[in-house]
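Coordinate analysis (summary)
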Amino acid sequence: MSDTTARAAEILKGHRESIDRLDAILIYTLGERFKHTQAVGKLKAEHDLPPSDPAREAQQIARLEDLAIRADLDPEFAKKLLRFVIDEVIRHHERHQS
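Bear in mind the structure is a predicted one, so any value in this text is a computation, not a measurement.

The subject of this paragraph is the overall build of the protein. Tallying secondary structure elements over the protein gives three helices and zero strands in all. The linear arrangement of helices and strands in the protein, starting from the amino end, is α-α-α. Scaling as 2.2 N^0.38, a compact globule of 98 residues should have a C-alpha radius of gyration of about 13 Å, whereas the protein reaches 19 Å, well beyond that. Its C-alpha atoms give the protein principal-axis dimensions of about 65 × 25 × 15 Å. In the protein, buried positions account for 16% of the 98 residues. Residue pairs at least 24 apart in sequence account for 63% of intrachain contacts in the protein once pairs closer than 6 positions are excluded. Of the roughly 7700 Å² of accessible surface on the protein, 61% is carried by carbon and sulfur atoms. Taking the average place of the 16 positive charges on the side chains of the protein and the average place of its 18 negative ones, the gap between the two points comes to 2 Å.

Laid out in structure tokens, this is it:
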């Protein structure tokens, strides 16, 4: 293995270690987020509130789009990700309504 290949392998290893740490942060953060959304779903069910709040969702999507731009992340990707999460939360809320 040449010195440049060895150096590239070392740099790659460092990036992968960072990615692994960030993946763990994402998973634990989503877990924490879902704890709160589960509590919201139960509260909504107890008070006969609808499982979704389109106005809140629109605000969140706009806020996340702005955050994505500031973080140099594709805002369309960020919106798709949040939409996926919101849809999952709504499914959970609907289950509490049953």
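Anyway, onward from the coordinates.
In this section: the packing of helix α2 (residues 54-70) against helix α3 (residues 75-97). Where α2 contacts α3, the two axes come as close as 9 Å, and the packing angle between them is 145°. Regarding α2 and α3, the two cross each other, and that crossing is right-handed. Residues E57, Q60, I61, L64, E65, A68 and I69 of α2 form the contact with α3, whose own contacting residues are P75, A78, K79, L82, R83, I86 and I90. Of the residues assigned to the contact of α2 with α3, the class counts are nine nonpolar, one polar and four charged.

Overall, the coordinates contain eight salt bridges when judged by the stated rule. One salt bridge connects E65 with K79, and the closest N-O pair in it is separated by 3.6 Å. One end of the pair, E65, is in helix α2; the other, K79, is in helix α3, and 14 residues separate them in sequence. Between R83 and D87 there is a salt bridge, and its shortest N-O distance comes to 3.0 Å. With R83 and D87 both in helix α3 and four residues apart, this pair spans about one turn of that helix. Residue class for R83 comes out partly exposed when judged on its relative accessible area of 29%. When salt bridges with common partners are traced through the structure, they connect E57, R83 and D87 into a single cluster.

Further remarks concern the confidence of the model for the protein. Mean pLDDT over the protein works out to 93, with 100% of the residues at or above the 70 mark. Of all the helices and strands in the protein, α3 carries the lowest mean pLDDT, 89, while helix α1 (residues 3-46) carries the highest, 95.

Turning our eyes to something else, we now look at α2. With 17 residues, α2 extends 24 Å from end C-alpha to end C-alpha; this agrees with the ideal 24 Å at 1.5 Å per step. Within the sequence span of α2, burial applies to E57, Q60, I61 and A68. Across the axial projection of α2, the buried residues extend over an arc of 100°, all falling on one side. Opposite its buried face, α2 presents the exposed residues A55, Q59, I69 and R70, each directed more than 90 degrees away. Of the surrounding elements, those touching the buried residues of α2 are α3. Phi turns positive one or two residues past the end of α2, at D72, with a value near 60°.

The rules we used
- Counting of residues starts from 1 at the beginning of each chain's written sequence and follows it residue by residue.
- Predicted model: local features are reported for residues with pLDDT of at least 70 only, side-chain atom pairs are reported and counted for 80 or more only, and whole-chain, interface and lining totals are derived from all residues.
- Based on all heavy atoms of the structure, the side-chain values leave hydrogens and waters out of the count.
- In this description a helix means any DSSP run of H or I spanning at least four residues, a strand means any run of E spanning at least two, and both kinds are numbered starting from the N terminus.
- Only C-alpha atoms enter the radius of gyration; for comparison, a globular chain is expected to reach 2.2 Å times N to the power 0.38, where N is the number of residues.
- Three exposure classes are used, based on accessible area relative to the maximum for each residue type with a 1.4 Å probe and protein chains only: buried under 20%, partly exposed in between, and exposed over 50%.
- Any two residues having at least one pair of non-hydrogen atoms within 4.5 Å are treated as being in contact.
- Note on areas: these come from Shrake-Rupley sampling with a 1.4 Å probe, and a residue is covered only by the protein chains present in the view.
- Here Asp and Glu are counted as negative and Lys and Arg as positive; His is not counted, and neither are the chain ends.
- In plain terms, the charge of a residue is placed at NZ if it is Lys, CZ if Arg, CG if Asp and CD if Glu.
- Here the axes come from fitting lines to C-alpha atoms, over the contacting stretch only for helices, and the angles between their N-to-C directions go from 0 to 180 degrees.
- The sense of a crossing depends on the near helix, which, turned anticlockwise from the far helix by less than a right angle, makes the crossing left-handed and, turned clockwise, makes it right-handed.
- Just so you know the grouping, Ala, Val, Leu, Ile, Met, Phe, Trp, Tyr, Cys and Pro go in nonpolar, Asp, Glu, Lys and Arg go in charged, and all remaining residues, Gly too, go in polar.
- By definition here, a salt bridge exists when the distance from a side-chain nitrogen of Lys or Arg to a carboxyl oxygen of Asp or Glu is within 4 Å.
- As a per-residue measure, pLDDT tells how confident the predictor is, with possible values from 0 to 100.
- The span you would expect from a helix comes to 1.5 Å times its residue count less one.
- Think of the arc as the fan of directions from the helix axis to the C-beta atoms.

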